[in-house]
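Listed here are the chains, written in short residue letters.
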Amino acid sequence: MNACAEGQGWKRSGNMQILRQTNMEALEKARTLGPDGVLELLEKKGLEGRGGAAFSTARKWRASRDAPADERFVVCNADEGEPGTFKDKFIIRHNAETVVEGLLIAAYVVGAKRCFIYLCGEYDYLRPRLQQQADDMLARTKMEDVTIEIVRGAGAYVCGEATALLQSIQGFRGTPMQKPPHPTSCGLWGKPTVINNVETLTCAAQAVLFDDWNPALRLFSLSGNIKNPGVYEFPLGVKMSTVIDVAQPKKKLKAMSFGCFGGIMPVDENMAITPEAICVEKCHHGAYSIIFMDETVNVVDISYSIAKFYTYESCGKCTPCREGTIRILNLLKKILNGKGVKKDLQVLAELALHIQETALCGLGQTCGNHVLTSLQHFPADYDHYLKKGAKS
Amino acid sequence: MNILHEAQEKHGYLSEHILKQIAIDQDIPIARLYGVVKFYTMFHTEPQGKYVIEFCGSPSCVLADGTALEKFLEGELGVKIGGTTKDGMFSLYKTSCIGCCDEAPAMLVNGEPHTKLTVERLTALLKKLKEAHADKKVKKK
Amino acid sequence: MKITLNGKEMEADGDKSLLDICRENGINVPTLCYHASLFPEARCRVCLVEMDGKLVTSCSTKPREGASIITNNEHVMKARKLNMELMLPEPACKREDDMEVCGIYEEVGMRTARFASIKEYKPDLGAAVIRDNNKCINCGRCVRVCADIQGVYAIDFASRAHNEHVTPYFEKNLADVACIRCGQCILNCPVGAISERSHIDEVVAALDDKEKHVVVQVAPSIRAALGELFGMPAGTLVTGKTVAALRKCGFDKVFDVDLGADITIMEEASELLNRISNGGKLPMITTCCPGWILMMEFFYHDLISNMSTCRSPHEMLGMLIKTYYAKKAGIDPKKIVVVSIMPCTAKKFESTRPELETGVDYVLTTRELGRLVKMRKVDFASLPDEEFDPALGISTGAGVIFGATGGVMEAALRTAHFLATGKELEKLEVNEIRGMKGIKEGKMMLGGKEVRFACAHGGANARRLMEQKDKYHFIEIMACPGGCIGGGGQPIYRDPEVLRKRTEAIYSADRASKLRRSHENPVVKQIYKEMLGAPLSEKAEELLHTHYVKRDRF
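Residues numbered from 1 in each chain as written. Chains lettered and ligands numbered in written order. Predicted model: local features only at pLDDT ≥ 70, side-chain atom pairs only at ≥ 80, totals over all residues.

With respect to the overall build of chain C
Inference 1: In terms of helices and strands, chain C carries 19 helices and 17 strands.
Inference 2: Taking 24 Å as the expected radius of gyration for a compact globule of 554 residues, we find that chain C reaches 25 Å, a close match to that expectation.
Inference 3: The principal-axis extents of the C-alpha atoms in chain C amount to approximately 75 × 55 × 50 Å.
Inference 4: In chain C, buried positions account for 55% of the 554 residues. (Helix = DSSP H or I, 4+ residues; strand = E, 2+ residues; numbered from the N terminus. Rg over C-alpha atoms; globule rule 2.2 N^0.38 Å. Buried ≥ 20, exposed ≤ 12 C-beta atoms within 10 Å, placed from the backbone.)

Next comes the structure, spelled out in structure tokens:
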């Protein structure tokens, strides 16, 4: 089990699979295999998206390649914005070359000439080096007419959503669009577009080149009330106790949140971390960012900061999310101020479920998870604040 | 997006005049351009301080006692979140996750990350920034 | 494909949206942000239906093979209701007009709202169009109509999340930006957050002022649409009732803008022939549409010399009321108040133009007239038909067709042909330029020369036609889709059929007219004989012509 901590000074560990460099050899191998060969190989290796949706990468590339069009695009989604997630930053800092190579392989397979990297505004200090890597690699490659443009985000979490990202690249407000049509058939300027996460593209290059590439390994971003926060590489199915050992909690752990969107659940040392196990607790693993909370934390306080996050980041397009997120925040504020009553919890749950069911995009569909899961798993934390009110 | 970033870097903020120019150059309706600018929190249509501070308010930073540091910063600078100090030195904003969760609490100053913040580190940083600016002024003279 | 709709198995077209399929099967699904001519954005989330247990927006979702679609169970109804509660915390059905959203409150059974409103916006007040973002439900129709159908793009969404609101750039008022005041945004707003600046109070004050002689003139489009405000089907011609209602409201004289239109034709047809034979600037472009004039002044500075110098019909008649009629009736023009009933919000702005100030005093939209009539407790439907006051009330079929897109052009050609050749047109109807097609064209021999003409309606179509303008000698532009019968001041409609019905009413009025050519109008002949002399004379230039300005886009 390879694990590496990202501590002070950004030390690398040569053991991490994600840091293996491909040095243009993956692109060469891709060329010899041909587009179909690459697709077959990636399908065999079982490469899935690492942005949170876990969609088959080969299927996505194939869909764009097969969609009838005179032009196609590939985009690297480097708009890492989910709170508690910093694995893509880690990869860009330490293995940017392989990311770019993965992007070029995607372009080759799909038949795209223009490539984009959408880099969130919060990571703009990484841009000069990333630009350099991209320019260098393009100079070394023999792919004609291929360009890589870095598009700079400007502080909108919702632009991590694929269709919103494409809107932003095209110079519009970053509002998600309904699917269908899917970007793979109708994306940038109406043309088939592949959008992949930074980690996915890195793995794509590695999966093509390395026979021993292990699809089960994932990057975990660990943060919160722990002594060793950082980016770790674990295989799926790793036991919670192993992760906790590495993370070194400061006090007894109480709860964990998968970013803001995945939901809050109790920490079970015996749980094997798999999508299925997480789903049982009504949570979603996403990109495996875990924010740990210990026994000194009242989960409602964290729920409040998550609710605040959503009231900033909702794009405002659809009624349930635009209006529902601020109403949830106001209710939580009321509860935290000791003025909440039992009925407020019902309304909270009703709003959260409603937004989940009727919102237009993934942001809205998941922004209620923290409410629903915290109500389900930590009712005592809410009662604490309700009782406060009752006294006064 | 890049055009707007570059214009903001060059002029300090996206004034009405600058946006009109971009609207003409890019052949975009000004209403649409304004709508785009206002969507993204990192674009500003008002003059900003010399140093734009974006303090992270997401859960990992909150868990690292970020809220208290935020209040401290407001007190030190004498300005609330969203405001600019009277001397035009600092603009203070609250931002969503900046990806420094393992070095929380964290903030960006003019796009550069400052992490593992404490009252001491913040005080020292603010002092350093004020002095650096004063030096620049002296050098200019 | 096979689907099950509310329990009934049926065949459905897999390319149609669930909304269309439901409507075709007589199942009502409420919508707010949906627009028949625009790609569905699925913003409001009110048109929800259940497909295989999952809630989807019917406007933007196509059926899956074998899906079971339910539109009326508790799951669906509760979801629709909660979205309504969230978007409009306080029921806003206080406005007199029938707003789309009021019907939907009933449908979803909304009685009280559980959530307080959090909006605090300053209203945008202007001379013609006013907006109140506090009532807005962010449906986006106004934005897309202004951008895509009108080609103006004066407003867009700004800010994010619950702060998202519709605004001109830099939060300016509409009055301070390149807005053509066409009012299409008003027509498309389902909650009345945008409406016309009302002048009812000023008009009522004038009516109540015993010193004032208040004269009202009625545009052609009113008679084809006013009935809709009183429960009559679209396309009912209510000319006689309109005149009667206005008299009951207290107006001293009721005149017909169609007469003004006839005079416009005399001037404009003469102007066209003058330009053609003397090498004047071509194509000549009509100017009875103040929305189009604003569009030219903001976006097409180089077309200033192409524009006809003719004022619009009601402004021409307004001037004649204060000169010709005042003299004839022996009334001091300073005591005359001229009110125009118009299907148009841009005319409210037009009447404030400095060069036109002395003409029309107030403009009321068709909707405002409806409110005035109701205020005065007049039972519109039971009124007997009355005639316009003859002093300035005789008109021709050519005047009435001004209300339809292509109508100005057709009326002008009927007279231009006579002026150029001395002979009447054999066929009065110029069918090539009738109808709802965005851009229509035709050609005609006028005095030995082939004259090519084109008409466009809707701002975006106008822009497209401007790219081709040099192919033509004569162009008619109407800023509103359908022409004036679809104007920003008309009764609110959703079904495009309504426009067709109103147009048909206009053309039937033309067919029923005794006189169908402007140059046959006896009052027009008299006015020229007694006062103006001939078209384009010095007196005519002074009273009936105008000039334009260049306005900054921003």
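Read on, since the account is not over.
Here we look at the overall build of chain A
Inference 1: Looking only at helices and strands, chain A features 14 helices and 9 strands.
Inference 2: In terms of overall size, chain A behaves like a compact globule, its C-alpha atoms giving a radius of gyration of 21 Å where 392 residues would be expected to give roughly 21 Å.
Inference 3: By its C-alpha atoms, chain A is 75 × 45 × 35 Å across when sized along the principal axes.
Inference 4: Within chain A, contacts between residues at least 6 apart in sequence are counted, and of these 73% link residues at least 24 apart. (Contact = placed C-beta atoms within 7 Å.)

Section: the interface of chain A and chain B
Inference 1: Listed as interface residues are 42 residues of chain A and, on the opposing side, 29 residues of chain B.
Inference 2: Of all elements in the fold, only strand 3 (147-152), strand 5 (217-224), strand 9 (289-294) and helix 9 (299-313) of chain A reach the threshold of two or more residues within the side of chain A that touches chain B.
Inference 3: It is helix 9 of chain A that contributes the most residues to the side of chain A that touches chain B, 7 residues altogether.
Inference 4: The residue inventory of the side of chain A that touches chain B, partitioned by class, reads 18 nonpolar, 14 polar and 10 charged. (Nonpolar A, V, L, I, M, F, W, Y, C, P; charged D, E, K, R; others polar.)

Observations concerning the sheet that holds strand 15 (residues 439-446) of chain C
Residues and elements named next belong to chain C.
Inference 1: Pairing is mixed across the open sheet formed by 4 strands, whose spatial order is 12-17-16-15. Looking at the sheet topology across the chains shown, the edges are occupied by strand 12 (284-285) and strand 15.
Inference 2: By the bridge criterion, 2 bridges tie strand 12 to strand 17 (residues 474-478) in an arrangement that is parallel. When the bridges of strand 17 are listed, Met-284 appears paired with Phe-474. (Pairing = 2+ DSSP bridges.)

Quick notes on the pairing of strand 5 of chain A
Residues and elements named next belong to chain A.
Inference 1: For strand 5, the tally of buried residues reaches 7 of 8 residues, placing the bulk of the element in the interior.
Inference 2: Pairing geometry for strand 5 and strand 6 (residues 230-235), over 6 bridges, is antiparallel. Following the sheet pairing, Phe-220 is matched in strand 6 by Tyr-232.
Inference 3: Adjacent in sequence and paired antiparallel, strand 5 and strand 6 are bridged by 5 residues.
Inference 4: Strand direction decides the pairing type here: strand 5 and strand 9, joined by 4 bridges, are parallel. If you follow Ser-221 over to strand 9, its bridge partner there is Ser-289.

Examining the domain arrangement of chain C
When the parts of a complex come together, some accessible area is lost, and that lost area is often used as the size of the interface.
Residue and element names in this part refer to chain C.
Inference 1: By the assigned domains, chain C splits into domain 1 (2-87), domain 2 (119-195) and domain 3 (200-544).
Inference 2: When each unit is reduced to the centre of its C-alpha atoms, the spacing between domain 1 and domain 2 is 28 Å.
Inference 3: On the domain 2 side, the residues contacting the 9 residues of domain 1 number 10 residues.
Inference 4: Looking at the side of domain 1 that touches domain 2 residue by residue, the classes come out as 5 nonpolar, 2 polar and 2 charged. (Domains from an automatic or database assignment.)

A closer look at unusual backbone geometry
Inference 1: In this structure, Pro-105 of chain B follows Ala-104 of chain B across a cis peptide bond, with omega equal to -5 degrees.
Inference 2: Position of Pro-105 of chain B relative to the elements: it lies in the loop between strand 2 (90-95) and strand 3 (107-109).
Inference 3: Its identity as a non-glycine residue notwithstanding, Phe-170 of chain C has a phi of 55 degrees, on the positive side.
Inference 4: The residue Phe-170 of chain C is located in the loop between strand 8 (165-167) and helix 5 (184-188) in this model.
Inference 5: Taking the number of C-beta atoms within 10 Å as the measure of exposure, Phe-170 of chain C has 19 and is therefore partly exposed.
Inference 6: You will see that Leu-536 of chain C, though not glycine, has its phi angle at about 70 degrees, which is positive.

Some remarks on the interface of chain C and chain B
Inference 1: Across the contact, 12 residues belong to chain C and 10 residues belong to chain B.
Inference 2: For the side of chain C that touches chain B, the class distribution of residues is 9 nonpolar, 1 polar and 2 charged.

Considerations on the environment of Tyr-118 of chain A
Residue and element names in this part refer to chain A.
Inference 1: Relative to the helices and strands, Tyr-118 resides in strand 2 (residues 114-119).
Inference 2: Tyr-118 sits in the buried class, given 23 other C-beta atoms within 10 Å.
Inference 3: In this structure the C-alpha to C-alpha distance between Tyr-118 and Ile-150, which are 32 residues apart in sequence, comes to 5.9 Å.
Inference 4: Once residues lying within four places of it in the same chain are set aside, the contact partners of Tyr-118 are Val-75, Cys-76, Asn-77, Ala-78, Asp-79, Val-151, Gly-153, Leu-165 and Ile-169.

Here's the deal with the packing of helix 9 (residues 257-277) of chain C against helix 15 (residues 407-421) of chain C
Residue and element names in this part refer to chain C.
Inference 1: Close contact between helix 9 and helix 15 brings their axes to 9 Å; oriented N to C, the two are set at 55 degrees. Relative to helix 15, the element helix 9 lies oblique. Seen from above, helix 9 lies across helix 15 with right-handed handedness. Where helix 9 abuts helix 15, its residues Ala-261, Ile-265, Met-266, Glu-268, Ala-269, Ser-270, Leu-272 and Leu-273 lie against Ala-411, Ala-412, Thr-415, Ala-416, Leu-419 and Ala-420. (Axes fitted to C-alpha atoms, helices over the stretch in contact; angles between N-to-C directions. Parallel < 35°, antiparallel > 145°, perpendicular 65-115°, else oblique. Left-handed = near helix turned anticlockwise from the far one by under 90°.)

What about the sheet that holds strand 13 (residues 336-342) of chain C?
Residue and element names in this part refer to chain C.
Inference 1: An order of 11-10-13-14 is seen for the 4 strands of this open sheet, with the pairing classed as parallel. Two strands bound the open sheet, and with one partner strand each, they are strand 11 (253-256) and strand 14 (362-365). With strand direction ignored, the average angle separating the axes of adjacent strands in the sheet is 25 degrees.
Inference 2: Pairing between strand 10 (residues 213-218) and strand 11: 4 bridges, direction parallel. Within strand 11, the residue paired with Val-216 across the bridge is Val-254.
Inference 3: Contacting strand 10, strand 11 and strand 13, helix 9 runs over the sheet at an angle of about 40 degrees to strand 11.

A short note on the domain arrangement of chain A
All names here are of chain A.
Inference 1: By domain assignment, chain A separates into domain 1 (21-209), domain 2 (217-294) and domain 3 (299-391).
Inference 2: Relative placement of domain 1 and domain 2: their C-alpha centres are 27 Å apart.
Inference 3: Across the boundary between the two partners, domain 1 contributes 11 residues, which contact 12 residues of domain 2.

Observations regarding the confidence of the model for chain A
Inference 1: On average, chain A scores 92 in pLDDT, and the residues at 70 or more come to 95%.
Inference 2: Here residues 1-12 of chain A scores under 50 on pLDDT; set against residues more than four positions off or in separate chains, the count is 27 contacts. (pLDDT = per-residue confidence, 0-100.)

Here's the deal with the nonpolar core
Inference 1: Leu-103, Ile-105 and Ala-106 of chain A together with Ala-479 of chain C are the most contacted members of the largest nonpolar core, which totals 337 residues.
Inference 2: The element that contributes the greatest number of residues to this core is helix 3 (residues 87-110) of chain A, accounting for 13 residues.
Inference 3: With sequence-adjacent residues up to four places away left out, Leu-103 of chain A is seen in contact with Val-74, Cys-76, Cys-115, Ile-148 and Leu-201 of chain A. (Core = buried A, V, L, I, M, F, W, Y, C linked by C-beta atoms within 7 Å.)

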